Amino acid sequence: MKKYIIIALLISSVCFSQKTTLYTIGDSTMANKKDPDRNPEHGWAQVLQPFFKDNILVVNKAVNGRSTKSFINENRWDSIYKKLKKGDYVFIEFGHNDEKIEDSTRYTNPHTTYRYNLIRFVKETREKGATPILLTSISRRNFNEKGVLVPTHGDYPLETRLVAQEYKVPFIDLEYYTELLEQSYGPEKSKQLHLHFKAGENAYYDKDKADDTHLSLKGATAIAQIVVDQIKLLQDSTVDKLKKGIK
């Protein structure tokens, strides 16, 4: 009897300690960057783990340069699908590279292939008993000469919103909230959110750097905070466990 009690306790202990995995899939605006102690560039999912307690494990599978199409065709999605378990979460944020109409390996029509790929991610995540969360692409720092922030993502955010609505998927309109972030900083100070350096100003760059798409540590952290704040506001019981995992 003693033996069975010990086994039962061990099983209970393993079950209790099992972590919930939060997978993040997307492009370079989310992805982990090499040499993070020296590299000024960070993806927002790269800095997400510290916002959660130990029972939530962030596994960042976003990769530079990927669209929904190339992410699937390179079997990156399949490798995640095989590991997904009941109770896990998947953040899905694509669009930047789906827009690249000159590249047949990445481009997707927003109203057909891009839409269908998002639906595939949603359905297959749910097949495993996991919860998908759709996010629109982050805004680029694209101010015109009048100081107006001009959108660059076309209909991709629209289709993300429509898929979320049609399939009742928890949704974070990250394009909208990052537009507010960019505007709150303004045309000049918003450079701090991205990668703007003169030659020699930062040891990582030997030439001038002016990148309005990718993120500095400051920008990545600010966007990760937005994501966490929006999770707290989601009115969907499927994200309750994720909410409770926030510090």
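Structure first, text after, so check above.
To keep things clear, this report deals only with the structure shown in the data block. (Residues numbered from 1 in each chain as written. Predicted model: local features only at pLDDT ≥ 70, side-chain atom pairs only at ≥ 80, totals over all residues. Heavy atoms only, no water.)

## Overview of the overall build of the protein
We apply this condition: Helical segments are the DSSP runs of H or I of at least four residues, strand segments are the runs of E of at least two, and each set is numbered from the N terminus. Residue contacts are defined here by distance: any two heavy atoms, one from each residue, within 4.5 Å place the two residues in contact. Working definition of accessibility: Shrake-Rupley area with a 1.4 Å probe, residue cover restricted to the visible protein chains.
Of regular secondary structure, the protein possesses 8 helices and 9 strands. Over its C-alpha atoms, taken along the principal directions, the protein stretches across nearly 75 × 40 × 35 Å. Taking all contacts inside the protein whose residues are at least 6 apart in sequence as the whole, residues at least 24 apart take part in 73%. Total accessible area on the protein is roughly 12700 Å²; 53% of this is exposed by carbon and sulfur atoms.

## Side note on the packing of aromatic side chains
Definition in use: Between rings of Phe, Tyr and Trp, where Trp is taken as its six-membered ring, a pair exists when centres lie within 6.5 Å; planes separated by under 30 degrees are stacked, by over 60 edge-to-face, and by other angles tilted. Burial classes follow relative accessibility: with a 1.4 Å probe on protein chains only, a residue under 20% of its type's maximum area counts as buried, one over 50% as exposed, and anything between as partly exposed.
Per the stated rule, a full pass over the model turns up 8 aromatic pairs. Between the aromatic rings of Trp-77 and Phe-121, the centroid separation amounts to 5.0 Å while the plane-to-plane angle is 70 degrees, which identifies the pairing as edge-to-face. Placement of the pair is Trp-77 in helix α3 (residues 76-81) and Phe-121 in helix α4 (residues 113-127), with a sequence separation of 44 residues. Taken individually, Trp-77 and Phe-121 each receive the classification buried, so the pair is uniform in this respect.

## Some thoughts on the nonpolar core
Within soluble globular proteins, side chains that are nonpolar tend to cluster in buried spots. Defined as follows: We define a nonpolar core as any set of buried Ala, Val, Leu, Ile, Met, Phe, Trp, Tyr and Cys residues linked to one another through side-chain atoms lying within 4.5 Å.
In terms of nonpolar packing, the biggest core is built from 34 residues, with Leu-22, Trp-44, Leu-48, Phe-52, Phe-91, Leu-174 and Leu-242 touching the most fellow members. Within the residue set of this core, elements represented by two or more residues are β3 (56-60), β4 (89-93), β5 (131-135), α6 (174-189) and α7 (217-233). It is α7 that contributes the most residues to this core, 8 residues altogether. Those residues in contact with Leu-22, other than ones at most four positions away along the chain, are Leu-48, Phe-52, Ile-56, Leu-57, Val-58, Val-59, Tyr-89, Val-90, Phe-91 and Leu-242. Listed in part, the 22 residues of the second largest apolar core include Phe-71, Tyr-156, Val-163 and Ala-164.

## Concerning α4
What counts, and what does not: Every helix has an expected span of 1.5 Å times one less than the residues it contains.
With 15 residues, α4 extends 21 Å between its outermost C-alpha atoms, agreeing within 8% with the 21 Å of an ideal straight helix rising 1.5 Å per residue. Here α4 has its buried residues at Tyr-114, Arg-115, Asn-117, Leu-118, Ile-119, Phe-121, Val-122, Glu-124 and Thr-125. Elements in contact with the buried residues of α4: β1 (20-26), α2 (68-73), α3, β4, β5 and α5 (156-166). Positive phi shows up at Gly-129, right after α4, with a value of about 80 degrees.

## Describing the environment of Pro-50
Here Pro-50 is to be found in the loop between β2 (41-42) and β3. Separated by 33 residues in the primary sequence, Pro-50 and Lys-83 have C-alpha atoms spaced 23 Å apart.

## Looking at the pattern of salt bridges
Let me state the cut-off plainly: Each reported salt bridge corresponds to a side-chain nitrogen of Lys or Arg within 4 Å of a carboxyl oxygen of Asp or Glu.
Here the structure, examined in full by the defined rule, presents 15 salt bridges. Its salt-bridge partner being Asp-103, residue Arg-106 comes within 2.7 Å of it at the nearest N-O pair. The same class applies to Arg-106 and to Asp-103, which are both buried. Here the residues in one salt-bridge network are Arg-66, Glu-74 and Arg-76, joined through shared partners.

## Some remarks on the sheet that holds strand β6 (residues 171-172)
The test is simple: Note on pairing: DSSP must find at least two bridges between two strands before they are called paired.
Taken in spatial order, the 5 strands of this open sheet run β3-β1-β4-β5-β6, and their pairing is parallel. Of all strands in the sheet, those with a lone pairing partner are β3 and β6, marking the two edges. Of the strand pairs in this sheet, β1 and β4 are connected by 5 bridges, and their pairing is parallel. Within the sheet, the bridge partner assigned to Gly-26 lies in β4 and is Glu-93.

## A few points about the packing of α4 against α5
Stated precisely, the cut-off is as follows: A fitted line through C-alpha atoms serves as each axis, taken over the contacting stretch for helices, and the angle formed by two N-to-C directions is quoted from 0 to 180°. In these notes the angle categories are as follows: under 35 degrees is roughly parallel, over 145 is roughly antiparallel, 65 to 115 is roughly perpendicular, and the rest is oblique. Should the near helix be turned anticlockwise from the far one by less than a right angle, the crossing is termed left-handed; should it be turned clockwise, right-handed. Only Asp, Glu, Lys and Arg are considered charged in this grouping, and only Ala, Val, Leu, Ile, Met, Phe, Trp, Tyr, Cys and Pro are considered nonpolar; every other residue, Gly among them, is considered polar.
Close contact between α4 and α5 brings their axes to 10 Å; oriented N to C, the two are set at 40 degrees. Relative to α5, the element α4 lies oblique. Handedness of the α4/α5 crossing: right-handed. Every residue of α5 that contacts α4 at Tyr-114, Arg-115, Leu-118 and Ile-119 is listed here: Tyr-156, Glu-159, Thr-160, Leu-162, Val-163 and Glu-166. Residues of the contact of α4 with α5, tallied by class, amount to 6 nonpolar, 1 polar and 3 charged.

## Observations regarding the pairing of β1
Where a strand is regular, its side chains alternate between the two sheet faces. With 7 of 7 residues buried, β1 is to be regarded as a mostly interior element. With burial as the criterion, each face of β1 is covered, one bearing Thr-20, Leu-22, Thr-24 and Gly-26 and the other bearing Thr-21, Tyr-23 and Ile-25. Looking at chain direction, β1 and β3 are connected through 5 bridges and run parallel. Counterpart to Leu-22 in the pairing with β3 is Val-58.

As far as function goes, none of this settles anything; it's purely spatial.
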